[in-house]
Amino acid sequence: MTPHMLTRSLDRSATIFLAVVAACGILIPLSNLLLPAGSFLQVPTYLVALWGKYVCYAILALSIDLIWGYCGILSLGHGAFFALGGYAMGMYLMRQIGTRGVYGNPVLPDFMVFLNWEKLPWYWYGFDMFWFAALMVLVVPGLLAFCFGWLAFRSRVTGVYLSIITQAMTYALLLAFFRNDFGFGGNNGLTDFKDILGFNVQAEGTRAALFALSCLALIVGFLICRAIVSSKLGKVLIAVRDAESRTRFLGYRVESYKLFVFTVSACMAGVAGALYVPQVGIINPSEFAPGNSIEAVIWVAVGGRGTLVGAALGAVVVNYAKTFFTSGMLAPYWLFMLGALFILVTLLLPKGIVGTFNAWWDSSKEKRTAAASVSAAAEDGVTEPKMAE
């Protein structure tokens, strides 16, 4: 990925988006740490954690838009990759507790002591080292996506059938992680985290650093997506989305392209989950719920499928609305409101917020250009030819 490729792939909206994210990643932590509590411009710590969660959701939305908006792969199970990345980070955080747990066991997490586990399972080995956990954040979701995609795409499963089996995949993982004998905390999941890299996860400085790191991850993920969709690879992905059979007849190995972008998307979702867990303080099997994956698809649809910027914007807007409406008397009706929002956007704004704005802007720009051309021609004394009578 060369600097020239990155520069060429950025348009005005992408540049503005990156500038806003970078500004938030710098100013919000500084406001939280440097300004006195109670100041009008001081951002409270709880808001830093809340907005950090929104940024993680934006990364997840980007990963979905990469495969759905540009390759036509509608995954209803991307929450699984998000949760697997979260569990990988949660396992590292649990290993850092040590003797500070309720039972004081230096090796076994509290839930294993409570369930009378005698020794640490083999798949927990290595998670006491941050570099290993960070590697697993990418490897586990990426490997699952590669194996799943290799089987599905080679079998030419597409459309609604692919969406259904991705939903079945995340539901199967949901049931597996709910089991106490699976070794991941059962329905309670992993929680009561203490440290990350030696820093208290509850400290204001750690919260601010995690928020800034989440913004940095969003910027890097956005640049990777832009570089992919703006390259020759991106042109092939769009061709697969619009006419898969024709693209295959032209000699392209469609399955390889789909497998590559699906794996990259899963790794991005895993990173989002890993950043999400220390800021929220818990990871449990509910993150595998198919409803979460469907809700993430709604974020992309609301913001604008195939725009990247719209996917991130949709994630922030919908989750802010969720926070606002679920904290009052409208909380029981949030799912109905979310469904109504999706229906209204599909009927009235089929291109989403950003997609509709881009279409309006391009149309008005063409009109202004045409009007300027007519005005310039009139000033030069050139008139349009008239029809012969």
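Structure's up top.
Our subject in this report is the structure included herewith.

Rules behind the numbers
Residues numbered from 1 in each chain as written. Predicted model: local features only at pLDDT ≥ 70, side-chain atom pairs only at ≥ 80, totals over all residues. Heavy atoms only, no water. Phe/Tyr/Trp six-rings, centres within 6.5 Å; stacked < 30°, edge-to-face > 60°. Helix = DSSP H or I, 4+ residues; strand = E, 2+ residues; numbered from the N terminus. Buried < 20%, exposed > 50% of the residue type's maximum accessible area, 1.4 Å probe, protein only. Core = buried A, V, L, I, M, F, W, Y, C linked by side-chain atoms within 4.5 Å. Contact = heavy atoms within 4.5 Å. Salt bridge = Lys/Arg side-chain N within 4 Å of Asp/Glu carboxyl O. Axes fitted to C-alpha atoms, helices over the stretch in contact; angles between N-to-C directions. Nonpolar A, V, L, I, M, F, W, Y, C, P; charged D, E, K, R; others polar. Parallel < 35°, antiparallel > 145°, perpendicular 65-115°, else oblique. Left-handed = near helix turned anticlockwise from the far one by under 90°.

A closer look at the packing of aromatic side chains
Next up, step 1: Evaluation of the coordinates by the stated rule reveals 26 aromatic pairs.
Next up, step 2: A centroid spacing of 5.9 Å and a plane angle of 80 degrees characterise the contact between Tyr87 and Phe184, whose relative ring orientation is edge-to-face. You can see Tyr87 sitting in helix H4 (residues 78–95) and its partner Phe184 sitting in the loop between helix H7 (159–177) and strand S1 (190–191), a full 97 residues away along the chain. Of the two residues, Tyr87 and Phe184, neither departs from the other in class, the shared state being buried.
Next up, step 3: Ring centres 5.2 Å apart and planes at 85 degrees place the aromatic pair Phe324 and Phe325 in the edge-to-face group.

A closer look at the nonpolar core
Next up, step 1: Judged by nonpolar contacts, the single largest core of 109 residues is most densely connected at Trp124, Leu190 and Phe288.
Next up, step 2: A per-element tally of this core places helix H3 (residues 45–71) first, with 18 residues.
Next up, step 3: Residues in contact with Trp124, not counting those within four places in the same chain, are Met91, Met94, Arg95, Pro109, Phe111, Met112, Gly183, Phe184 and Leu190.

Description of unusual backbone geometry
Next up, step 1: Positive phi values are uncommon outside glycine, yet Asn116 reaches one of about 65 degrees.
Next up, step 2: Summarising the element assignment, Asn116 is placed in the loop between helix H5 (110–114) and helix H6 (130–154).
Next up, step 3: In this structure Asn116 comes out as exposed when scored by relative accessible area, which is 65%.
Next up, step 4: Even without glycine at this site, Arg156 takes up a positive phi of about 60 degrees.
Next up, step 5: With respect to the secondary-structure elements, Arg156 resides in the loop between H6 and H7.

Describing the pattern of salt bridges
Between side chains of opposite charge, a pair can form as their charged atoms come close.
Next up, step 1: With the rule as written, the count across this model stands at nine salt bridges.
Next up, step 2: A salt bridge links Arg100 to Asp195, with the nearest nitrogen and oxygen atoms 2.9 Å apart. Of the two residues, Arg100 sits in the loop between H4 and H5 while Asp195 sits in strand S2 (residues 195–196), which places them 95 residues apart along the sequence.
Next up, step 3: Judged by its relative accessible area of 17%, Asp195 falls in the buried class.
Next up, step 4: Between Asp181 and Arg179 there is a salt bridge, and its shortest N-O distance comes to 2.8 Å.
Next up, step 5: A single salt-bridge network, built from bridges that share partners, covers Arg156, Glu244, Arg248, Glu255 and Lys258.

Re the packing of H3 against helix H9 (residues 232–242)
Next up, step 1: Relative to each other, H3 and H9 sit at 65 degrees, their axes nearing to 7 Å. Residue-level contacts link Trp68, Gly69, Tyr70 and Cys71 of H3 to Leu237, Ile238, Val240 and Arg241 of H9.
Next up, step 2: Considering only residue class, the contact of H3 with H9 consists of six nonpolar, one polar and one charged.

Focus: the environment of Trp117
Next up, step 1: Along the polypeptide, Trp117 turns up in the loop between H5 and H6.
Next up, step 2: Judged by relative accessible area, which is 22%, Trp117 ranks as partly exposed.
Next up, step 3: Separated by 64 residues in sequence, Trp117 and Asp181 place their C-alpha atoms 9.3 Å apart.
Next up, step 4: Discounting residues that sit within four places of it in the chain, Trp117 has contacts with Leu108, Met112, Tyr123, Asn180, Asp181 and Gly183.

A short note on the packing of H6 against helix H11 (residues 254–280)
Next up, step 1: Between H6 and H11, the least distance of the axes is 8 Å, while the angle of their chain directions is 150 degrees. It follows that H6 is roughly antiparallel to H11 by the angle criterion. Crossing of H6 over H11 shows right-handed handedness. Residues Val137, Leu138, Pro141, Gly142, Ala145, Phe146, Phe148, Gly149, Trp150, Phe153 and Arg154 of H6 pack against Glu255, Lys258, Leu259, Phe262, Thr263, Ala266, Cys267, Gly270, Val271 and Ala274 of H11.
Next up, step 2: When its residues are assigned to classes, the contact of H6 with H11 shows 14 nonpolar, four polar and three charged.

None of the figures reported here should be taken as evidence of function without further support.
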